[in-house]
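Coordinate analysis (summary)
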Amino acid sequence: MKTSYHPQKIEGKWQKIWAKQGFPKKSGGKGKFYILDMFPYPSGDGLHVGHVENFTATDIYARFKRFQGYDVLRPMGWDAFGLPAENFAIKTGIHPKVKTLQSIKTFKRQMQSIGLSYDFSREINTSSPEYYRWTQWMFLFLYKNGLAYRKKAKVNWCESCQTVLANEQVIDGKCDRSGDIVMQKDLEQWFFKITDFVEPTKTKTGKKISGLLSGLEKIDWPESTKAAQKHWIGRSEGAEVTFYVADTEEEIRVFTTRLDTVYGCTYVVIAPEHPIVAKLLNFQNKEEVKKYIEKSKKKTDLERTELNKEKTGICLQGVEVVHPFTGERLLVYIADYVLATYGTGAVMGVPAHDERDFAFAKKYQLEIKTVIEGEASADPNQEGAYTGDGRLVDSKEFSGLTSEEAREKMAVWLRKEKLGKKVVNYRLRDWLISRQRYWGAPIPIIYCDDCGAVPVPDKNLPVKLPTDVDFRPTGESPLVSSKSFHKVQCPKCGAKARRESDTMDTFVCSSWYYLRFADPQNTKAFASKKALAKYLPVDFYMGGAEHTVLHLLYARFFAKALMKYGYLSFDEPFQKLCHQGMILAENGQKMSKSKGNVVNPDQVVVELGADSLRLYEMFMGPLEDMKAWNTKSIIGLRRFLEKVWRLGESIQNGESSIKNKDAETALHRTIKKVTEDLEELKFNTAISSLMICLNAFEKTNGISSILYSQFLILLSPFAPHIAEELWAGLGKEKSIFLAPWPQYDAKKIMAETTNIAVQVNGKVRTVIVVTNGTSADDVKAQALTDEKVKDHLAGKTVKKIIYIPGKIVSIVIG
RNA sequence: GGGCAAGUAGCCGAAUUGGUAUAGGCGCCAGUCUUAGGAACUGGUUCCGAAAGGAGUGAGGGUUCGAGUCCCUCCUUGCCCACCA
């Protein structure tokens, strides 16, 4: 028997109705609920099945929350600036704006074709002047409060493309387009002071703002994501120790987390970029040192990381430093395994207790002094460093202390002698936001010979992206080639001035977009206080795990900075966060254009329908898990919908209107399960329970339209089109999404009898049927008289009987 | 090297959080209906065994009346970070 279920006929119809009338709104009075998807970059390839997974999951959740009576905010927008559109422009000459708008159109069409219930009246596009006007405002806000500053910094440079590259364009130290090795180049760059917010701060009125670290403790995020952020911030407690350069006033300060090993320090190493090198030009091998520094400057990231086994360095001949504890004179080396950007850019060499120092000392034949002995004292002849804690030896008055005690006492001593102190260091560095790129928000700064860097006055925002530019790479930002862009007067003194030609990292645009959705058309502020108070913070945020650190950290930084200056009243923007697992190709590989294994959701929609696609992606497995696509399996979900449809037809024809107890029990169990699973985002098991319910319906002679309509409501968040259609088929006039969510009756779930397993010495021997309400003693007695159990008990004594009500009887015999 | 996940049928996965392992789906097998079907429906489907029974959740140990679930050791896979002193 063929059904008349034709998704192609009904899905478009309902999509049009939803788009025209807006999503049916219930007046539930439960308050607001802000559900947000990480907004996509509108790529030319269209929607990926991974997007579908993400957006369907939030769509189901949003529809469920609306059923519960929440005022759900569910917006969508476009993270529209970025490299692919610009690279495409370089190749084809087609303006990024044109290409971007095209892609957005495709994305939107695809989103609507799978029935996603977005409020497109709030749509935003980060590349529109109406939006980036406020991105520029954000920049100026940070600048005016001392949280944006300019300094010389290294950038990635591709010689063959004649351009600066963003970090994400550098793959394994090579340019992702030309494949050439990426060089480092010093340029003036803008930074945001994200490091100011690692530890808690306060607003002017004294309200507490949690730090980027401490704030993690109060939000409902995956533990792995929190751990990754913690690790990225990399807080480490240690000490700074001053080594005076012998016979001079100069000093080298080192950072160490292992102050307890200080007596094992036999030399000091500084980074090639360390400022002291310029001050100490009296060493004998000046030329060689210069050469080494030049060479390491030219070294690529690739070389610095790949060659990490063989450490290089050079001794500053004639320079010695004084060991602060012993007064010994030690040699000083320059080596590029020491990073200028971490700690003080200098380390004390303790080869006996640090792997890297050990390798370095071996190579340059430096003294190795053991000062820590581990509990299980390792073979002294063994190659390598002992890096664990232990007890101090050969450390004068500190000998005999444990590492932990020594770190405390030595720090006290340093402080007293003014030779150092305890310090905390972070791995996290300030955020470099300059990009020498066209397709981004221009940095709203004007440079004047007299006034220096002058912010563009608010009334002149936005600083619009010019259109008279050459996209071909020249070594400068394409904006430099625009005449209209550059002709500008200093806002302070009126003299001829020039504009900053760099644009902002696209992560700046996405660091605050979730605020704009509250009030997307506002021209006076990025959002009104009233709108922010109504919808923010985001209650549920969902997106790929690839944004575990950068985007999610930057967005938190923005919230904290804005709160500090009174623009927001919360310090964590995303209360609950969830990552969908990646969807792989059928063979378990990553989907990629080059491998030709990308699944196009459009094709599935055409062949089997949007509802089948939605159900399939949710049924594949747990939301957060990585899972492989399997085209064959989609048919199972389509079959399920066919059955639902057929049952609906039989009810419409009046074939079955008898009340059936088994069907009722099945329904109420399903109401319970689906409701619970929806709240926990366990969509795979929710769908499974709907299938079980339908199978039960089919086993009965027929079901009433009341039971069936309740079932449809449970199905509707997952498969909205078919649910709406069948609901209408039952003669209902209003949308199914205005119906009340079904409630289960605990009495109807309970069966009259329960099957209890009986174990003898841990093995299940039989299952007995027990009438509900039977006393524990009676159940035990019933178990003991069971024939199969008796066989196993023959000739043995019963030592113990354990009864877990409703579950199991466990008999222990000897 | 560090951090985080995860290993259950032929495949995707369930398992009331320590209580009958393998629900639901795919696939496969048989049957029904059909001119026919790769449609639909019904039944079956962890392995060994004729059965009784036995084995069984990456491997090995432990705790427990009872372990997929808790503890220890190891193996494998995936992801992220990685010379951070």
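This section reports on the structure supplied with the text. Since we're looking at a predicted model, the values are computed, not measured. (Residues numbered from 1 in each chain as written. Chains lettered and ligands numbered in written order. Predicted model: local features only at pLDDT ≥ 70, side-chain atom pairs only at ≥ 80, totals over all residues. Heavy atoms only, no water.)

What follows concerns the overall build of chain A. Counting its secondary structure elements, chain A contains 26 helices and 35 strands. Considered along the principal axes of its C-alpha atoms, chain A spans approximately 100 × 85 × 55 Å. Classification of the 814 residues of chain A by burial places 53% in the buried group. Once local pairs closer than 6 in sequence are excluded, the contacts in chain A between residues at least 24 apart make up 71%. Split by element, the accessible area of chain A, about 38,300 Å² in all, is 50% carbon and sulfur. Here chain A holds 117 positive side-chain charges and 98 negative ones, and the gap between their average locations is 5 Å. (Helix = DSSP H or I, 4+ residues; strand = E, 2+ residues; numbered from the N terminus. Buried < 20%, exposed > 50% of the residue type's maximum accessible area, 1.4 Å probe, protein only. Contact = heavy atoms within 4.5 Å. Areas by Shrake-Rupley, 256 points an atom, 1.4 Å probe, with all protein chains shown as cover. Lys, Arg positive; Asp, Glu negative; His and termini not counted. Charge placed at Lys NZ, Arg CZ, Asp CG, Glu CD.)

Our focus in this paragraph is helix α22 (residues 705-715). Of all 11 residues that make up α22, 8 are buried, and the element is covered over most of its length. Considered for burial, the residues of α22 that qualify are Leu707, Tyr708, Ser709, Phe711, Leu712, Ile713, Leu714 and Leu715.

We now examine the pattern of salt bridges. All told, the structure shown has 40 salt bridges when counted by the stated rule. Across the salt bridge formed by Lys108 and Glu123, the nearest N and O atoms sit 2.7 Å from each other. Here the residue Lys108 occupies a position in helix α4 (residues 96-113), and Glu123 occupies one in the loop between α4 and β4 (124-125), the gap between them amounting to 15 residues. In this structure, Glu572 engages Lys560 in a salt bridge whose closest nitrogen and oxygen atoms are separated by 2.8 Å. Here Glu572, found in the loop between α16 (550-564) and β29 (574-578), pairs with Lys560, found in helix α16; they are 12 residues apart in sequence, far enough to count as distant. Across the pair, exposure class does not vary: Glu572 and Lys560 are buried alike. The structure contains a network of salt bridges with shared partners spanning Asp37, Asp59, Arg63, Arg74 and Arg614. (Salt bridge = Lys/Arg side-chain N within 4 Å of Asp/Glu carboxyl O.)

It is worth spelling out the protein's contact with RNA strand B at this point. Taken together, 49 residues lie near RNA strand B, and Thr257, Lys311, Arg356, Met620 and Ser810 sit nearest. Sugar and phosphate atoms form 61% of the subset of RNA strand B atoms that lie within 4 Å of the protein. Between RNA strand B and the protein, one listed contact pairs a sugar or linking oxygen with a backbone N or O atom of Tyr337 at 3.1 Å. Met620 places a polar main-chain atom, nitrogen or oxygen, 2.6 Å from a sugar or linking oxygen of RNA strand B. Of all the elements in the fold, those that place two or more residues in the surface near RNA strand B are α6 (223-233), β13 (251-256), α19 (634-652), α21 (683-699), β32 (753-760), β33 (763-771), β34 (798-804) and β35 (808-813). Tallying contributions element by element places α21 first for the surface near RNA strand B, with 6 residues. Residues that form the surface near RNA strand B fall into these classes: 20 nonpolar, 16 polar and 13 charged. (Near = heavy atom within 4 Å. Polar contact = N/O pair within 3.5 Å; in protein donor to acceptor, adjacent residues only side chain to side chain. Nonpolar A, V, L, I, M, F, W, Y, C, P; charged D, E, K, R; others polar.)

Take the environment of Met111 next. Its location among the elements puts Met111 in helix α4. A sequence separation of 56 residues divides Met111 from Phe55, and the C-alpha atoms of the two residues are 8.5 Å apart.

This part covers the packing of helix α1 (residues 7-21) against helix α23 (residues 720-729). Two elements in contact, α1 and α23, have axes whose closest approach is 9 Å; the angle formed by their N-to-C orientations is 90 degrees. The pairing of α1 with α23 is recorded here as roughly perpendicular in orientation. Contacts from Ile10, Glu11, Lys13, Trp14, Gln15 and Trp18 in α1 reach Pro720, His721, Ile722, Glu724, Glu725 and Ala728 in α23. Here the contact of α1 with α23 is composed, by residue class, of 6 nonpolar, 2 polar and 4 charged. (Axes fitted to C-alpha atoms, helices over the stretch in contact; angles between N-to-C directions. Parallel < 35°, antiparallel > 145°, perpendicular 65-115°, else oblique.)

Helix length check: helix α5 (residues 129-144), at 16 residues, gives a terminal C-alpha distance of 22 Å against a target of 22 Å (1.5 Å per residue), a fit within 8%. With 12 of its 16 residues buried, α5 lies for the most part within the structure. Restricting attention to buried positions, one finds in α5 the residues Tyr131, Tyr132, Arg133, Trp134, Thr135, Gln136, Trp137, Met138, Phe139, Leu140, Phe141 and Leu142. Looking one or two places after α5, you find Gly146, whose phi comes out positive at around 70 degrees. (Expected span 1.5 Å × (residues − 1).)

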